[in-house]
Every structure is written in structure tokens, then in C-alpha cells.
Amino acid sequence: MKLVALIEFLQRHLKWLVRLCWVVLALLVVGDWLWVDKEHAHTQPEHWFGFWSVFGFVACVVIIFVSKWYGHRGIMTREDYYGDK
Amino acid sequence: MAISELWLHPAVILLVGAVLLPLLRGRARSVALVAIPVLAFLRVLYLDPGTHGCVRFLDWDLVFGRVDKLSQVFGYIMTLMCILGSIYSLHVKNAAEQAVAWCYVAGSLGVIYAGDYLVLFLFWELMAFSSVFLIWQRRRPSSIAAGIRYLLVHVFGGVVLLGGIMLHLKATGSLAFGQLDVAHPDMATWMILIGFILNAAVPPLHAWLPDAYSEATVTGSVFLCAFTTKTAVYALCRAFAGMEVLIVLGVVMAIYGVVYAVLENDSRKLLAYHIISQVGYMVAGVGLGTQMAINGACAHAFAHILYKGLLFMGTGSVLQMTGQSKFTELGGLYKKMPWAFLFTLVGGLSISAFPLFSGFVSKSMIVAAGFEEHRTTAAFLLMLASAGTFLHTGLKVPYFIWFGKNNCSAETWQRAEDPPWNMRLAMALTAGLCIWIGCYTPYLYQLLPYAVEYHPYTAYHVSETLQILLFTAVGFFLFIKPLQPTATISLDVDWFYRMGGRAVQWFVNKPAQAVDTWVGELYRVCGLTWLMASARVSAWFDGRVIDGVVDGFARSVRGAGDRLRHLQTRQIQVNTFSAVVVLVVLLLVYLLTSM
């Protein structure tokens, strides 16, 4: 199957793939700063350099760690907790 | 009852189909499984705008067919999803499962075209009572229990809704289902709202959703994920547009679902939590209440039904083929189920609102409406939740099922392969629609209730979205270790009624039983002893005193009688002589004393 072959090709060249992703990310931030018209921005912070990149990354980190913190306050528990699994 | 016109309700087609389906076998059933939903879809397409199906019942004018732009967009997507879900379930041998699924869709259509609250309530309950069979059909003990909880919660919601409807009728004298006075809500309005938001899974009335949907059958969850919550969104759009509390509730939903998705180990339960998150956007849109926001809520419901259906199809096909849905029992399946991976990825990219996928053109309308209404905090929090959506549904689900550590047992790995052709076809069609909506915006925008002035494909919006999503991916791969699934469950507010039920059971079995035993013992020790003692005294009194008196009297009577009998035994001459002697003696005594 070609799809499997494509995935395995990408896995074999993972190092290059990761480098390519970093380049894309950099281009995205720089491109947003240099070329994107901010006319549609609704608030002042949105005009800052790389605002949405930082927002996305921080949002991800906050969601992961706040959720895990919450989960470890007794919310996450054993699978047979209710005794019916 | 008086019927003013004959009007074919699209729900009737599905209800008749549901009755006929179990009678059909083999190819005829397969043809019917596709043809009946297609007929219902065509009926929706050719409905004339206006009010139809009016029935005079007692003092009320019931309206079964209110056809306008708002009802049409929901009627369209519901019947379309019914076609896709039915194709997905073509391989299912149990016709009862497909029949109840159609009854469930018919309930949804009934609500959508209802012009009054009584008809709405009728179909609202049809949805609850038919959909529960999609959970019970899985036949696991945990599914049976989850179905009962699902039904109890929905019966509670239905009762509150009916109470609200009755109060509304008493206050206004009208049953018409339309916009309520959300600026000055009275008790009736609040009760109707509670009935609606329970079905929309708004916290804290949401826990039935992940509890039940993760326990449903593979095809059942594909239907379940589409209809209940989005029908509730339709009802909210119709009656509660502009109710401010819904903005807060919507944002809470969007974030709540994301938080629980981090903790979840079961892929289908994770998706169920993400329904709450995504419906949060729609509820917030209803709360904003502007034309753009209502358009956004409708558009997002439309897109959501398709991509969430697709995601449940993808993870459902994994469950179907491997028997597993937990991340801790899956992994590395790309070699075995590549097509299921590809279609699930399309669903993941759509829900994450990637450019060129459906969520991008719908979700952003709501967020943009939030910014335009200067609800900046709400809009930013919705953006934060969208990062969480990509984190889990776009990355966590595909990664931990098809890549990551291979946790499959030998049996799971052996069983794993792409699902049957009908499931692949349904996924391919749904994935195609997700991409089509994302690429060709007029298709969806023309169906919306209000004219659309919104253009999602601006350079700023594309750049903004790509930055959020791709940097979320950076966070995912950097912090993949804390995201590793663990074999746990997460407690939610269903804890209160699950453990509350047990508390009642414990109370009945322990303290109430103990009190009952103690009272029994007390009665036995004190009551019975006293009773026995008093009985003995009574017996003694009865035996000695009462019987003594009675027996004594009887003995006296008997003695007198005996003597009399003995007297009577002598000869009559002797007796007469004795009597004469006594009389002569008495006479002599009298004469001697009177002289």
C-alpha cells in the first residue's frame, strides 16, 4: 500500500522531516510579521511579533499541565473504580 | 382532532422505514438501508417554506411542519448524516439497531420541524427513548448500566422541560415554539433552558454524554454523536438567541471538554468529551445572538456533525476490528489500518479547524462574532480551546492509535485490519464532505439562516490559525511524555449520581436495615415478652377468676339441678306427702302463734 510506504519513507527520514518542520514554523512566524496584513486583528496584542505562535504554544503547555494537575487531584483513578468495568 | 392538510413529514419516511426494515432480508435490506434515508433527505430538500402539518388537538393548534431557513439547515445535515451512518452500518446484521437509529433521527427531525412546544416535547422524548437502545445493543453489563443512567438523566431533563412548557403555557396562553424573552427570563424560561442545555451537555448537566457514548455500539455512537446535542443547539438557536449566560456556559464547555480529553485513555470517550468542547462554541454563538454568531453556530453544528461522525467512524472501526478502544491497548496500527488512519486524520484536521478543512470555515465565524461583540476574553478562551482540540483530536488520537508505542496484544494485532468496504465508503464520503466544505465555502454558507458577509480565507486568519495549530504541535511533541496514556478513568459529575445511588443502596442495606432489625429485635425482646406475660396473666385471670366464677356458677346450677334431679327421682306420692306435711306443720305453727 502506497500510504504505508509513504509513512515508512517519512519515518526513515525523520530527522530531515523535523528540520523541515522547524523551517516551516520559522517561515510562518517571519511571514506573518513581514507580509500578513493585520487589518483583521481585533486587539492590540495581535499586532505583536509572533503573537499567535506564542499563544498556541503557551495554550498547549497550559492545557497539558493544568489538566494533569487537575487529574492528579484525585480525578484520575483506577479503571475498576465503579466496579462495573 | 382535526387535520388541515396532508403533509409528508420527513420523519414519517424514517419511522415507516424503521417498521419495515426488520421484515427485509439480504440485498433488499441493504438497498432499503440506503434508499430510505436518501428518500428522507430528498423530502427535506423539496420541502416548501411555510407552516405545514397543522393539527387541532383539544384546545391547541399543533404544528408538525414549520419549514424555514433555520429548520432547513438542520434538517439537511441530519438526514445527510443519516445516509452516511446507515452506509456505515450496512454490515450490521441486527436490523433492530438500524431501526432504532432511524427512530432516533426521526425524533430529531420532529423537533427540528416542530412549530410548538408540545410537538417538540413528543419528539424530544422519542429521541431519548430510541437512542438508549443504541447503547443497550452493545449488551455489555457496563453498557446496560450506562444506558439506564442515560435514560434517567434524560427523563429528568424531559420532566423539567415539560414543567417549563406547562408554566409557559399558563403564563402566555401559547405553545408556539419561538424566541423566548431572554432579557427577562421567568421560571418557565429557565426550566425550558435547563431541558435544552441538558441535551446540549452543558456542565454540570453533561456527564451522561461521555458515559453513554463510549459505551454505545460502534455504529450507535456514530448516530449518537450527531443528533442529541445538535438538535439541542437548534432548539437553543430557536428560543434562546442572545441569552448572555450561554456565552459563559459555552466557554466553560469548550475548555471543560479539552481538560478531560487530556486525561482520557479511551479514544471514544475522548471524542465524547470533545463533543462537549465543540458544542461549547455553538452554545457561545447562541449566547452572542448576532446574525453572524447564529450563522456560526449553525455552520459549526453542520460541520461538526460530519467531522465528529467521521472521527467516531474511524475509532469505531478500530474497536470493530480489534475489540479495543483504549490507547493503552493500541498503538502502531498504521501498517494494519492505514485507511482508517487517513480518514480519522481528516476528521482530526477538520475539528482542529485547519485551513481547507470544514472546521476552519465554521468555528472561526463564532470566534469572529465574539471579537466583533467585544467579548474579547470569551473569544481568546475559545481560541485557547481550539489549541486543545488539535492537541487531542488532531494529534493524540491518531498518534496513540496508529503510531507511538505499540501496546497491542498478539490477538489485537492479529485481528487488526482495515474495516469492511461499507465502513470505508462511509468514511471516504464523510471525509470528502469535510474537505469540500472547507474548500468551497458557498456550499455551507448558502444553507445558513442569514446572509453571510464572512470571508474565512484572509491571509491574517490563515496565518493566525496555522501559527496556533503548528505551535500546539510543537508543544505536543516536546511534552509527549506527560501526555502518555495511562490506564485510568477520570471522575466526573456523574460521580454524584453514581455514588449517590450507591449511597442510597448502602443506606437501605446498612442503616435502614439495621434500624429495621433493631426494631424487630426490640419488639421480639420487649414487645413479645410483655405480650406473652400479659397473655399469661390474662390466661390466669381467665382461667382462675372468670372461669372460676363461671364454673362456680355452673357447678352451683349443676348441684342444684342434681339435687332437684335426686328429689325428682322419688315417688310422686312420697313427694306429695312431704309437701302436705310441711304445709300442715306451717299451718299449725301459724294457728298456735296467732291464738
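Quick caveat: nothing in here was measured; it's all calculated off a predicted structure.

Across its full length, chain B holds 22 helices and 4 strands. Summarising its shape, the C-alpha atoms of chain B cover approximately 160 × 65 × 55 Å along the three principal directions. For chain B, the residues scored as buried account for 52% of the 595 residues in total. The contacts in chain B between residues at least 6 apart in sequence include a share of 81% that link residues at least 24 apart.

Let's shift gears to the overall build of chain A. Counting secondary structure elements, chain A contains 3 helices and 1 strand. Computed over its C-alpha atoms, the radius of gyration of chain A comes to 21 Å, more than 25% above the 12 Å expected for a compact globule of 85 residues. Seen through its C-alpha atoms, chain A measures out along the principal axes to roughly 60 × 45 × 20 Å. Sorting the 85 residues of chain A into buried and exposed places 15% on the buried side.

Below, the discussion takes up helix α7 (residues 187-199) of chain B. Residues and elements named next belong to chain B. The end-to-end C-alpha distance of α7 is 19 Å, a good match for the 18 Å that 13 residues give at a rise of 1.5 Å each. Counting buried residues along α7, 10 of its 13 residues qualify, which places the element largely inside the surrounding structure. Inspection of α7 places Ala188, Thr189, Met191, Ile192, Leu193, Gly195, Phe196, Ile197, Leu198 and Asn199 among the buried residues, and these make up the whole buried set. Against α6 (141-172), α9 (218-239) and α10 (245-263) lie the buried residues of α7. A positive phi of about 60° marks alanine 201, the residue just after α7.

What follows deals with the interface of chain B and chain A. Quite often, the size of an interface is put as the accessible area lost when its parts meet. Listed per partner, the contact involves 43 residues of chain B and 38 residues of chain A. Those elements giving two or more residues to the side of chain B that touches chain A turn out to be α6, α10, α13 (338-351), α15 (376-402), α19 (459-478) and β4 (488-490) of chain B. At 15 residues, the largest contribution of residues to the side of chain B that touches chain A is made by α19 of chain B. Considered class by class, the residues forming the side of chain B that touches chain A number 29 nonpolar, 11 polar and 3 charged. Here strand β1 (residues 76-78) of chain A pairs with β4 of chain B via 3 bridges, running antiparallel. Paired with methionine 76 of chain A across the bridge in β4 of chain B is serine 490 of chain B.

Another point: the packing of helix α1 (residues 10-20) of chain B against helix α4 (residues 95-113) of chain B. All names here are of chain B. Where α1 meets α4, the axes come as close as 8 Å, and the angle between the chain directions of the two elements is 165°. By the angle between their directions, the pair α1 and α4 is classed as roughly antiparallel. In the packing of α1 onto α4, the handedness of the crossing is left-handed. Along its contact with α1, which presents Pro10, Ala11, Leu14, Leu15, Gly17 and Ala18, the element α4 presents Ala99, Trp102, Cys103, Val105, Ala106, Leu109 and Gly110. Among the residues making up the contact of α1 with α4, the classes are represented as 11 nonpolar, 2 polar and no charged.

Residues and elements named next belong to chain B. For chain B, the assigned domains are domain 1 (1-164 + 188-238), domain 2 (240-486) and domain 3 (511-594). Tallying the contact residues gives 33 residues for domain 1 and 41 residues for domain 2. Elements supplying a minimum of two residues to the side of domain 1 that touches domain 2: α3 (69-88), α7, α8 (208-213) and α9.

Here strand β2 (residues 50-57) of chain B pairs with strand β3 (residues 60-67) of chain B via 7 bridges, running antiparallel. Along β3 of chain B, the bridge assignment pairs glycine 50 of chain B with valine 67 of chain B.

Let us now look at the environment of alanine 212 of chain B. Within the element layout of this structure, alanine 212 of chain B appears in helix α8. Excluding its chain neighbours within four sequence positions, the residues that come into contact with alanine 212 of chain B are Ile135, Ala146, Gly147 and Tyr150 of chain B.

Close contact between helix α3 (residues 51-75) of chain A and α15 of chain B brings their axes to 9 Å; oriented N to C, the two are set at 70°. By the angle between their axes, α3 of chain A is roughly perpendicular relative to α15 of chain B. Touching Phe55, Gly56, Ala59, Cys60 and Ile63 of chain A of α3 of chain A are Met383, Leu384, Ala387, Gly388 and Leu391 of chain B, all from α15 of chain B. Tallied by class, residues from the contact of α3 of chain A with α15 of chain B come to 8 nonpolar, 2 polar and no charged.

The terminal C-alpha atoms of α10 of chain B lie 28 Å apart, and with 19 residues this matches the ideal 27 Å at 1.5 Å per residue to within 8%. Extensive coverage of α10 of chain B is indicated by the burial of 16 of its 19 residues.

Before going further, it helps to spend a moment on the nonpolar core. Residue and element names in this part refer to chain B. If you look at the biggest cluster of nonpolar residues, it comprises 201 residues, and the most contacted ones within it are Leu236, Val283 and Leu382. Broken down by element, the residue count for this core peaks at 19 residues, all from helix α12 (residues 291-322). Shared between two domains, this core holds at least three residues of each, these being domain 1 (1-164 + 188-238) and domain 2 (240-486).

So, on to the confidence of the model for chain B. Considering every residue of chain B, the mean pLDDT works out to 91; 97% of them sit at 70 or more. Prediction confidence for the complex, expressed as pTM and ipTM, is 0.86 and 0.93 respectively.

Next up on the list: unusual backbone geometry. Residues and elements named next belong to chain B. The omega torsion across proline 203 and proline 204 is 10°, close enough to zero to call that bond cis. Summarising the element assignment, proline 204 is placed in the loop between α7 and α8. Even without being a glycine, leucine 356 presents a positive backbone phi close to 80°. Its location among the elements puts leucine 356 in the loop between α13 and α14 (358-372).

Most of β3 of chain B sits out of view: 6 of its 8 residues are buried. Between β2 of chain B and β3 of chain B, which pair antiparallel in sequence order, lie 2 residues; one of them, leucine 58 of chain B, sits at a positive phi of approximately 50°.

Each value, and the rule that gives it
- Residues numbered from 1 in each chain as written.
- Chains lettered and ligands numbered in written order.
- Predicted model: local features only at pLDDT ≥ 70, side-chain atom pairs only at ≥ 80, totals over all residues.
- Helix = DSSP H or I, 4+ residues; strand = E, 2+ residues; numbered from the N terminus.
- Buried ≥ 20, exposed ≤ 12 C-beta atoms within 10 Å, placed from the backbone.
- Contact = placed C-beta atoms within 7 Å.
- Rg over C-alpha atoms; globule rule 2.2 N^0.38 Å.
- Expected span 1.5 Å × (residues − 1).
- Nonpolar A, V, L, I, M, F, W, Y, C, P; charged D, E, K, R; others polar.
- Pairing = 2+ DSSP bridges.
- Axes fitted to C-alpha atoms, helices over the stretch in contact; angles between N-to-C directions.
- Parallel < 35°, antiparallel > 145°, perpendicular 65-115°, else oblique.
- Left-handed = near helix turned anticlockwise from the far one by under 90°.
- Domains from an automatic or database assignment.
- Core = buried A, V, L, I, M, F, W, Y, C linked by C-beta atoms within 7 Å.
- pLDDT = per-residue confidence, 0-100.

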